[in-house]
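Reading the structure
Residues per chain are reported as follows:
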Amino acid sequence: MVRSTTEPTLQMAALPDPVARAAPRAWRSGKTGTTIRALPEEVAVALTYDRVSFAVMMASPADLEDFALGFSLSEGIVQTASDIADLAIVAVEAGIECRMSLLPARRQALEQRRRRIAGPVGCGLCGLDSLEQAVRPLPRLRSALRLDAETIAAGMARMAAHQTMNRETRAVHAAACLTPDGAILLREDIGRHNALDKLIGAATRAGMAPASCALLLTSRVSLDLIQKAAVFGSPLLVAVSVPSARAVREAEAAGITLIAVARDDGFEVFSHPERVVFAQD
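Residues numbered from 1 in each chain as written. Predicted model: local features only at pLDDT ≥ 70, side-chain atom pairs only at ≥ 80, totals over all residues. Heavy atoms only, no water.

Now for the overall build of the chain. From N to C terminus, the chain includes 8 helices and 18 strands. With 281 residues in all, the chain has 49% of them scored as buried. Within the chain, contacts between residues at least 6 apart in sequence are counted, and of these 53% link residues at least 24 apart. Accessible surface, the chain: about 13100 Å² in total, of which carbon and sulfur atoms supply 53%. (Helix = DSSP H or I, 4+ residues; strand = E, 2+ residues; numbered from the N terminus. Buried < 20%, exposed > 50% of the residue type's maximum accessible area, 1.4 Å probe, protein only. Contact = heavy atoms within 4.5 Å. Areas by Shrake-Rupley, 256 points an atom, 1.4 Å probe, with all protein chains shown as cover.)

Here it is in structure tokens:
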């Protein structure tokens, strides 16, 4: 029986908790003592297709069905969720496997462009076979989405309330979808690229329309995050930190409104400002 990605086969019993506890010896204000510290877990997660490994990423062991689907979509391995015939999350001795079976047509396409990548946390382009793969052409997004500046700022401010793992550890990234009515869907991971892939998978499974969503990130913006946003189809991306110059150029070319340096007192719009509605306009 073919299982869909919305109802994956799960073998969850042996999966580690995404948050661990440690008792470090602390030195504060000149005094020593023991404290309890929540730490984000970090696990090697292999993404395999038809039992052949494609990528190994260090990731938080949570929302891995979303991660497997989002990674597959953002890397162009599949075009739609239905291209994955079966998905199982399996704990193994060395880590966790996201085991996927592809429909025959996608399996053949993958064999033609198969590559191996091994990605440490914070690295989104590790192991590419060529420079051309790193700077792949992006679709040009056209969307009627427009958001009030106040809605964008309020969405960024509300992210913290949804970051349950970060409230414990203060050490993980988040990516969220913000809709025009203010609804938020959020995923977390120790890696910023993984968090976005998890969000893409979760939004796809929830049936959200990418063209009507703004992406909110708790990280800086590099080229690969623009690439993932463009492939997903979201026309507006907001981040708390400064983008790279290449990210700004690629966002402009892809038709993406890039907002960054989003802090309590406001934000800066680096490309396609026409999607942002300011009160004085």
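In this section: the pairing of strand 6 (residues 43-49). Among the 7 residues in strand 6, 6 count as buried, and that is most of the element. Between strand 6 and strand 7 (residues 52-59), which pair antiparallel one after the other, the connecting turn spans 2 residues, and Asp50 there sits at a positive phi close to 55°. Bridging between strand 6 and strand 9 (residues 95-102) involves 5 bridges; their strand directions are parallel. Its bridge partner lying in strand 9, Val45 is registered against Ile96. (Pairing = 2+ DSSP bridges.)

Burial along strand 15 (residues 236-239) is two-sided: Leu236 and Val238 facing one way and Leu237 and Ala239 facing the other are all buried. Bridge count for strand 14 (residues 214-217) against strand 15 is 4 bridges, and the pairing is parallel. By the bridge assignment, Leu215 is partnered in strand 15 with Leu237. Where the polypeptide runs from strand 14 across helix 7 (residues 223-232) and back to strand 15, its parallel neighbour, the crossover connection is right-handed. Of the pairings in the sheet, the one linking strand 15 to strand 16 (residues 257-263) comprises 3 bridges and is parallel in character. Pairing of Val238 across the sheet is with Ile259, part of strand 16. (Right-handed = clockwise from strand over helix to strand, strands pointing away.)

Turning to the sheet that holds strand 15, a few remarks are in order. Pairing within the open sheet is mixed, and its 6 strands lie in the order 13-12-14-15-16-17. Taken across any chain shown, the strands that pair with only one partner, and hence form the sheet edges, are strand 13 (184-189) and strand 17 (266-271). Direction aside, the axes of adjacent strands within the sheet are offset by 20° on average. Each of strand 12 (173-178), strand 13, strand 14, strand 15, strand 16 and strand 17 touches helix 4 (residues 149-162); the most contacted strand, strand 13, lies at about 50° to it. (Axes fitted to C-alpha atoms, helices over the stretch in contact; angles between N-to-C directions.)

Here we take up the packing of aromatic side chains. Applying the stated rule across the entire model yields 4 aromatic pairs. Measuring from ring centre to ring centre gives 6.2 Å for Phe54 and Phe71, while their planes differ by 75°; the resulting arrangement is edge-to-face. Taken together, the residues Phe54 in strand 7 and Phe71 in helix 1 (residues 64-74) connect sequence positions 17 residues apart. For the pair formed by Phe54 and Phe71, the shared burial category is buried. Through successive ring pairs, a cluster of aromatic residues spans Tyr49, Phe54, Phe67 and Phe71. (Phe/Tyr/Trp six-rings, centres within 6.5 Å; stacked < 30°, edge-to-face > 60°.)

Attention now moves to the environment of Glu252. Looking at where Glu252 falls in the secondary structure, it is placed in helix 8 (residues 245-254). Note on Glu252: relative accessible area 38%, which makes it partly exposed. For the pair Glu252 and Phe270, spaced 18 residues apart in the sequence, the C-alpha separation amounts to 8.3 Å. Once you skip the residues sitting within four places of it in the chain, Glu252 turns out to touch Arg140, Ser271 and His272.

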